[in-house]
Structure formats: structure tokens, C-alpha cells
Amino acid sequence: MTYARKAPTLVTVSVELFGNARLLAGRSLLRLNVADDCALKDIAEAIGRLHPNLVGTVVREDLTGFLDSYIVNLNGVEFIDDQHQRLIEGDSLLVFSSLAGG
Amino acid sequence: MYGYHGRVMLVDLGSRTVRWESLGEDVLRHFIGGSGLGAYLLYRYCAPNCDPLSPENPLIFATSPLVGSRLTTSSKFAVVAKSPLTGMIGDSLSSSFIATELKKTGSDAIVITGRSSSPTLLAITDDAVEFRDASSLVGMGTSETERAVKAQLGAMYRVASIGPAGENLVRFAGIANDGGRQAGRTGPGAVMGSKNLKAIAVRGHSAVSFAEPEALNDIRTDLSRRSLGDATEKYRTLGTMANVSVFNRLGALPTRNFQQSTFEGVETVSGETFQKSHHVKNAHCASCTIGCEHILTTTDNGAKTTGRMEYQSSFAMGPLVGVNDPNTVIRASALCDEMGMDTISAGGTIAWAMECFENGTLTPKDTGGADLRFGDGDALLELLEMIADRNGLGDVLAEGSRRAAETLGRGSDEWAMHVKGLEMPGYEPRSLKTMALALSVSTRGACHNRSSAYEADFSNRVDRLSVDEERGRIAMEGEDYSAVMDSLTWCKFLRKAFDDFYGESSIIYEHLTGWPTTPDDLKLAGERINNLKKLFNIREGWTREDDTLPPRVLNEELQTGIVKGIGLTRPDLDMMIDGYYQARGWTEEGLVPEGKLEELQLVDLVSQHRANRNAAPALR
């Protein structure tokens, strides 16, 4: 028997923006086509390229991830980091401030 | 002594006398200032089992060693008293110029007891205390009172005052200062009103010295720089109102008296909408570089209203009562500020009444013919006025949801959403399980601010929808951390600007006071302060049964959003509470054992007051 890693496939995911990210982008919802095994930094880079005014305010200047002041949640259930599970078609990524409370 | 004056001012309104007592190094190091020093003074000066609205209940204003240092966000103070809502410890923090002025009067805290025979304005100028007639101020709102007092005494005086709600002993009345800042929760305004004390005006010239002023200058510059970065971005851009749409999406936005955890009208009352369509400017407290206050204005054809808005107010005057009109939310919040009422308890109590009306428990006969339906903004505004004036049904609601449900009966306590008598804040406990535990065990009732346990739920540290015993340790650590923040007194919005909170704060404390201090000293102080608050509650009649959540939370599953079907069972809550008591080193019944008292050096303080423990039945 041979063990082969599943080849990445392209999936369409939604990105829901909240707070200042929404105001800066001028919209609350983005759709991205990404590889299902993509890392969080790939999503940050895609968002940064789509909305350059989010670079330095939501996404790191070098597009290597989100600023520490932002956090990403998958489908409203699980907060994710670079170790997150594979994405599937139709997943929603929620991007909002990591500063809870108030 | 550096950083402190080392004394407390004791004012008796009945005899119109003033005296001072010294505060030794041990007391100050053990309880720090603010909330911790206030808890110590309450334990010491409050007559056991006294009625919270009696002359024996001390009203305490406590500053901290940070006040006067001009370190960013440090201009804060605590107001502490036995709460007329909970019958347990009530502490509330406020901020801005009056904190600095209080400290410049030459005392670290002011303890006010007794009751004046007529409405009184307490004017404190350094050591001189004047008991002035306040008859002309009666009935004024808080901002109007502040203007009138400054007109009498001079613009340099800083003023803390109550509005009609405090005068009328609304049990969730707050105390306002500096143009609308509020010591809002647990009813300190009712305690002030029970003393016939309309306002306090302070002016001082006795600045304390600090042990290492040059080192503090460097830290001040560095901390201010850090406070402007990512660590506070949310507070500067949308403010805490940013929570509304996020919480809604996560199924954590209590709606229609916690019957739902999502609100279909969220878009119109979200932080994003307020920022786009109603924002006037940001404002700062004294000594603050963050500027989190968002001043909003109405945009409809009604009376122009401008006021500050925070998440808790927008939640309580919006989704909690089903209101989706942003102008009404702004007006209702501003009205609470002017009347001097806590928006969370006001909204929570009105939401209870609206549910009572919709399910037929309250009838038009009870309401004077008014329709109290969720979403009716006019009814909301009218009820707020009626509560502040104790008019009609407002007289019942002015007692808070717990007492109102006791008065009405008919099973309405099933949907009275409070813990220990304090109404629930805008965090749905069924979808935020760490927060659920913290709300149940908090010494001041349903409080989100004394644990910051939501931080764990809004992270990948825990699964917010499930429970485990580890939550006890997380809640405890959050409480101790918060106690140190609230005692030093830092603003919690600065917390992410610290790389090592205890390490940096211990160095700053050492520079302020000259007393060698380790991070572990501060951690121990946080634990000591929370244990003392618990000891106060035990003295006033607390039992394990008080550490619970409203029946709705434990009996009903969530109905909407991505958390549909999620609930919290009594055994699961009990398991978390057991874990919390275990982490604290308390008994299974939640009592503080002798060994813990010794470890925290609380034996002498507690034994001095033990003889009085059973002096009289507890009054809540």
C-alpha cells in the first residue's frame, strides 16, 4: 500500500469582515478562491492584495499574516491559527478584532 | 512615603465631622489602591449585616498609587459600598480628572458614613470640608448638577454627583463625574442618595512625590507610545461597540431578555453603523492617550441628543429590549447617564418587564395601560423616566429585576436575568462557557469586568461551547489579574500594551512607592483582594447557592444562529464551580479555610471583625 498526501484542491470561501476592517474595505463580505490546505498567511495575503488599504491596518505590511490585533474564526465556531484544518467549499472565515471585552 | 499619602479621610454626614486615620505600609502594599483598598476599607468600616441604604453603609472613594503619575490611563478611582442590589460587595470604577483631584486633597481614600438631614453638597478643598446646602440642586440631572456646582465653587473643582435616580434610591443608580463618566454598576448612586448627598466637589493642592520620577518619565513615554499601536486599535476606531456585530455572528448577543442570542435588527445598531452615521468625535479621559470614548449624535427629526456610547449601553438599550432604532438607543443611553442609572441594569429590568407583558404576566392594568412590547422605543424611553422618578410601574422596576420579580410573583423569577441581584451584561453565557462560570462566581454578581473571562472564550485557548474543570483556573487567574489592574488602577483597555503585565507593573509600583516589589507580590495581592471580597460576602450571608446563573440559562437551549441547540446544564455549571473553588483553595462549599487566610495574611483583619459576624440578620 502507498501513502499519498491528498493533493490540494481549490475551494471558494467567504471572508466576513467586522469592525474597522469592514469600514476600511467598504464591504462586509469577500469571496476568495484558495487552496484547501492554505495557511492563514495565504488568506491574509489574498485579502491584502484585494484591499490594499487593509495592509498595515488588518494585514501585516509584509503580507505574512494578520496583525496581532486581529483574529480569525472559522464558521463562527473555532478560532484558528496556522495549524488549522483543511478548508472546505463554502467555509466562512470571520475576521475581527482580537481585543475582546467592553 | 512615596506614591501614597498614607491616610484616609472619614466623613460623617450625620454629625458633620471629619477625621483622618493613617493607612500603614502593610495595608497599602497588601491592597494597593482602587478596588482593593476600597474592599479593605469596606470590610473594616461597614457595620456587618447593615441595610445597604442605611447610614451605616460607608460610601468609599479610593484612588491608587498610579493616580497623579500621569502614566497613561492611570487617572481612575473606585467607588465601593455594600450594594443595594446584591447585599454584597459593590465596587465600580470610574475615571478622569476627579481621580487626580481626589488624591490631591491629601488622602488616598474618602469614607463617607451617616446621613445628612437635608440635601448636601460636600465641598472638599484639601483638608477643609464644607457641608453645603444642596436643596437647589435637587431634581437636576448629572451634567446639570456638575455645571451648577462648578458655578457655585469654581470651574477648577471636580464633581461627582447623582441624578434623580440616585435621589429616589433607584437600586441601580450610579455616580457621574467629569461630564458623564459613570461609576455605574451595583448601585453606588442609591447609597449616595440614601445619605442625602447630592454631590461631592473636590479641589486639592497636595500632590504626592514618587520614589523614582525620572524612571517614571521614561516609562510614561514608552507606555504612551505602546498605547497608540495595534494593542488598542479597536477602542480607538469603533470602540467597544464593535462587539455588537461580532457577538451577533457568534451567537453571543443577548436579545429580548436572553430569549435569543442573535438579533435580526443588528445592522442598524451595530458599531459599524454608529461609526458611519452617528459619530461626532472621540474623547479622552484625563491622562489617557487611547481616547476610547465615542461621542454619538442622533440624526432623525426628534430632539437632538448627543452622548457617549459603549457596547454595554448599546446592547442594553438595543438588542436586549429588541430596539433596532439607533436614535432611540442613543437617546436611551444619554437619558440613563443624565438620570444617573446603570444602563445594563436598567435595560435588563425593562427587558424582564417586556417579557412579562408579552407572556401576560404583566397586564395593561399593571402598566397603567401602556404596551410594553420588545422593540417599542417610546415605551423604553418612557419607562426609563418612570424608573428614575419611581413613578407607577417604575417604582417596582427601580428595585431591579430580582426584587421586581419577587414583588410580581407569578413565576416571573424564571426570566429575571441576574446573578446575586445584579443584571446580566451583554455576554450570552450558554455560548461563552468560561464567561458563564465567571458570571456565576463573581463577588459583585453578574459582572463581566472583574474576571475578563471572555478573553479565553474569544480565543483558541478553550472551546467556548463546551465545559471542563480547567475553566476554574482560567476564571481565577482572570479575576486576580483584574483585581491588580483595578487596584493599581490601570484601564483594562491598556492591557494588551504590556508585554509582561505583572513584571512591568511591579517595576512601576516600585518606582512609584520605593518599596521593593516582585511580580509574585502583585499576583498575591490580586488573590488576597479577591479573597477579601469573598470574605465580605460570606460575612453578609453568602452561601454556595448564590453562585449560580438565572434559571433560563440552565433550563433553556439557545434558539437562534450558529449556537442553536446549545445549552448549559446545572451539573456542568456545578462541575466548573467545583473546579473554581478547588483552584482557589476553598472548601467544597466555597468557604475560605484558615490556611488560606494565613497564606494571604488576612488573619488579623478577619479576626477583628469575626465577633460581629452574627450580630444581626443579613439584610439584602
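Note that residues are indexed from 1 along each chain, following the sequence as it is written. Both sets of labels track the order of writing: A upward for chains, 1 upward for ligands. Under the rules for a predicted model, residues below a pLDDT of 70 receive no local features and side-chain atom pairs below 80 are neither given nor counted, while totals for whole chains, interfaces and linings still include all residues.

Engineer: Explanation requested: the overall build of chain B in the structure shown.
Structural biologist: Helices and strands together make up the secondary structure of chain B, namely 26 helices and 17 strands. Radius of gyration: C-alpha atoms only; globule rule: 2.2 Å multiplied by the number of residues to the exponent 0.38. Taking 620 residues into account, the globule formula puts the C-alpha radius of gyration at 25 Å, and chain B, at 23 Å, falls close to it. Viewed in the frame of its principal axes, chain B has a C-alpha envelope of about 60 × 55 × 55 Å. Relative to its full complement of 620 residues, chain B shows a buried share of 60%. What counts as a helix is a DSSP run of H or I of at least four residues, what counts as a strand is a run of E of at least two, and both are numbered from the N terminus. Buried residues are those with 20 or more other C-beta atoms within 10 Å of their own C-beta, exposed residues have 12 or fewer, and partly exposed residues lie in between; C-beta atoms are placed from the backbone.

Engineer: Before we go on, may I ask you to explain the interface of chain B and chain A in this structure?
Structural biologist: Much of the literature gives interface size as the accessible area that the parts lose upon coming together. Counting from both sides, the interface comprises 29 residues of chain B and, opposite them, 21 residues of chain A. When contributions to the side of chain B that touches chain A are tallied by element, the ones reaching two or more residues are α8 (233–237), α9 (243–249), α10 (271–277), α11 (311–316) and α19 (454–457) of chain B. Just so you know the grouping, Ala, Val, Leu, Ile, Met, Phe, Trp, Tyr, Cys and Pro go in nonpolar, Asp, Glu, Lys and Arg go in charged, and all remaining residues, Gly too, go in polar. Broken down by class, the residue content of the side of chain B that touches chain A amounts to nine nonpolar, ten polar and ten charged. C-beta atoms are placed from the backbone for every residue, and two residues are taken to be in contact when these atoms lie within 7 Å.

Engineer: It is not clear to me how the confidence of the model for chain A should be interpreted in this structure. Could you clarify?
Structural biologist: Keep in mind that low pLDDT regions are not for reading the predicted coordinates in detail. pLDDT measures the predictor's confidence residue by residue and takes values from 0 up to 100. The predicted model of chain A has a mean per-residue pLDDT of 92, with 97% of residues at 70 or higher. Averaged pLDDT values over the elements of chain A bottom out at 92 in strand β4 (residues 78–80) of chain A and peak at 97 in strand β1 (residues 10–17) of chain A.

Engineer: Help me out: how do you make sense of the confidence of the model for chain B in this one?
Structural biologist: Mean pLDDT over chain B stands at 96; residues scoring 70 or higher make up 98%. As a predicted assembly, this complex carries a pTM of 0.96 together with an ipTM value of 0.94.

Engineer: Help me understand the domain arrangement of chain B in this model?
Structural biologist: Residue and element names in this part refer to chain B. Looking at chain B, the domain boundaries give domain 1 (7–203), domain 2 (232–422) and domain 3 (433–610). A straight line from the C-alpha centre of domain 1 to that of domain 3 covers 26 Å. Across the boundary between the two partners, domain 1 contributes 37 residues, which contact 31 residues of domain 3. Those elements that place two or more of their residues in the side of domain 1 that touches domain 3 are α1 (25–31), α2 (34–45), β4 (76–82) and β5 (89–95). Domain delimitation in this document rests on an assignment produced automatically or drawn from a domain database.

Engineer: Help me understand the sheet that holds strand β10 (residues 175–177) of chain B in this model?
Structural biologist: Sheet strands pair by backbone hydrogen bonding; their relative direction is either parallel or antiparallel. Residue and element names in this part refer to chain B. By this definition, two strands are paired if DSSP reports at least two bridges between them. Strands sit in the order β8-β7-β12-β9-β10-β11 across an open sheet of six strands; the sheet is mixed. The sheet is open, and its two edges are formed by β8 (128–133) and β11 (181–183), each paired on a single side. In this sheet, neighbouring strand axes are inclined to one another by 20° on average, regardless of whether the strands run parallel or antiparallel. With four bridges connecting them, strand β9 (residues 158–161) and strand β12 (residues 197–203) associate as antiparallel partners. Note on geometry: axes are lines fitted to C-alpha atoms, helical ones only across the stretch in contact, with angles between N-to-C directions running from 0 to 180 degrees.

Engineer: What's the story with the packing of α2 of chain B against helix α22 (residues 519–539) of chain B in this structure? I'm lost.
Structural biologist: Two measures define how a pair of helices packs: the angle their axes make with one another and the distance between the axes. Residue and element names in this part refer to chain B. Where α2 contacts α22, the axes come no closer than 10 Å and their chain directions differ by 35°. For the element pair α2 and α22, the recorded crossing hand is left-handed. Along its contact with α2, which presents S35, G36, A39, Y40, L42 and Y43, the element α22 presents A525, I529, L532, K533, L535 and F536. Classifying every residue of the contact of α2 with α22 gives nine nonpolar, two polar and one charged. Two helices cross in a left-handed way if the nearer one is turned anticlockwise from the farther one by less than a right angle. They cross in a right-handed way if the turn is clockwise.

Engineer: Looking at this structure, I do not really get the nonpolar core. What am I missing?
Structural biologist: Side chains that are nonpolar tend, in soluble globular proteins, to be buried together. Any set of buried Ala, Val, Leu, Ile, Met, Phe, Trp, Tyr and Cys residues joined through C-beta atoms within 7 Å is what this text calls a nonpolar core. One finds V95 of chain A together with I60 of chain B to be the most contacted residues of the largest nonpolar core, which totals 211 residues. Ranked by residue count, the leading element in this core is helix α13 (residues 343–358) of chain B, at nine residues.

Engineer: Help me understand helix α18 (residues 433–441) of chain B in this model?
Structural biologist: At 3.6 residues per turn, the α-helix brings residues three or four places apart onto the same side. Residue and element names in this part refer to chain B. Within α18, nine of the nine residues are buried, which leaves it mostly tucked inside the rest of the structure. Buried within α18 are the following residues: K433, T434, M435, A436, L437, A438, L439, S440 and V441. Turning to α18, the residues buried within the fold contact β16 (418–419), α19, α20 (471–488) and α24 (570–584).

Engineer: It is not clear to me how the sheet that holds strand β14 (residues 293–297) of chain B should be interpreted in this structure. Could you clarify?
Structural biologist: Residue and element names in this part refer to chain B. Ordered in space as β13-β14-β15, the three strands form an open sheet in which the pairing is antiparallel. Single-partner strands in this sheet number two, and they are β13 (279–283) and β15 (306–309). Averaged over all neighbouring strand pairs, the angle between strand axes comes to 30°, with direction disregarded. Bridge count for β14 against β15 is four bridges, and the pairing is antiparallel. In the strand pairing of β15, H294 is matched with M309.

Engineer: Would you take a moment to explain unusual backbone geometry for this structure?
Structural biologist: Leave glycine aside and you will find that most residues have negative phi; peptide bonds, for their part, are mostly trans. Residues and elements named next belong to chain B. Omega for the peptide link from L488 to T489 comes to -5°, which places this bond in the cis form. A positive phi angle is found at T73, which is not glycine, with a value near 70°. With respect to the helices, strands and loops of the structure, T73 is situated in the loop between β3 (59–62) and β4. T73 gets classed as buried once you count the C-beta atoms within 10 Å, which come to 28.

Engineer: Just checking my understanding: could you explain the pairing of strand β3 (residues 70–74) of chain A for this structure?
Structural biologist: Regular strands place side chains that alternate from one sheet face to the opposite one. Residue and element names in this part refer to chain A. Across the five residues that make up β3, a large majority, four, are buried. Two elements, β3 and strand β5 (residues 92–97), share five bridges in a ladder whose sense is antiparallel. If you follow V72 over to β5, its bridge partner there is V95. Looking at chain direction, β3 and β4 are connected through three bridges and run antiparallel. Bridge pairing links L74 to E78 in β4. Hairpin connection of β3 to β4: three residues between the antiparallel strands, including N75 at a positive phi of 60°.

Engineer: I would appreciate a short explanation of the packing of α20 of chain B against α22 of chain B in the present structure.
Structural biologist: Residues and elements named next belong to chain B. Between α20 and α22, the shortest axis-to-axis distance is 8 Å and the interhelical angle comes to 95°. Between α20 and α22, the crossing angle belongs to the class labelled roughly perpendicular. Across from E479, D480, Y481, A483, V484 and S487 in α20, the residues of α22 making contact are L522, K523, A525, G526, E527, I529 and N530. Within the contact of α20 with α22, the residues separate by chemical class into six nonpolar, three polar and four charged. When an angle is under 35 degrees it counts as roughly parallel; over 145 it counts as roughly antiparallel; between 65 and 115 it counts as roughly perpendicular; any other value is oblique.

Engineer: It is not clear to me how the pairing of β14 of chain B should be interpreted in this structure. Could you clarify?
Structural biologist: Looking at chain direction, β13 of chain B and β14 of chain B are connected through four bridges and run antiparallel. Residue pairing for β14 of chain B: N282 of chain B is matched across the bridge by H294 of chain B.

Engineer: Which parts of the structure should I look at to understand α2 of chain B?
Structural biologist: Helices are assigned an expected span. That span is 1.5 Å times one less than the residue count. In a regular helix each residue adds 1.5 Å, so twelve residues correspond to 16 Å; α2 of chain B covers 16 Å between its end C-alpha atoms and thus fits that length. Of all twelve residues that make up α2 of chain B, ten are buried, and the element is covered over most of its length.

Engineer: When you look at the environment of L87 of chain A in this model, what are you seeing that I'm missing?
Structural biologist: Residues and elements named next belong to chain A. Among the secondary structure elements, L87 is positioned in the loop between β4 and β5. Overall, the presence of 23 C-beta atoms within 10 Å leaves L87 in the buried class. On a C-alpha basis, the gap between L87 and D37 in space is 6.6 Å, while along the polypeptide they are 50 residues apart. In contact with L87, other than residues within four places in its own chain, are V11, V13, V34, D36 and C38.

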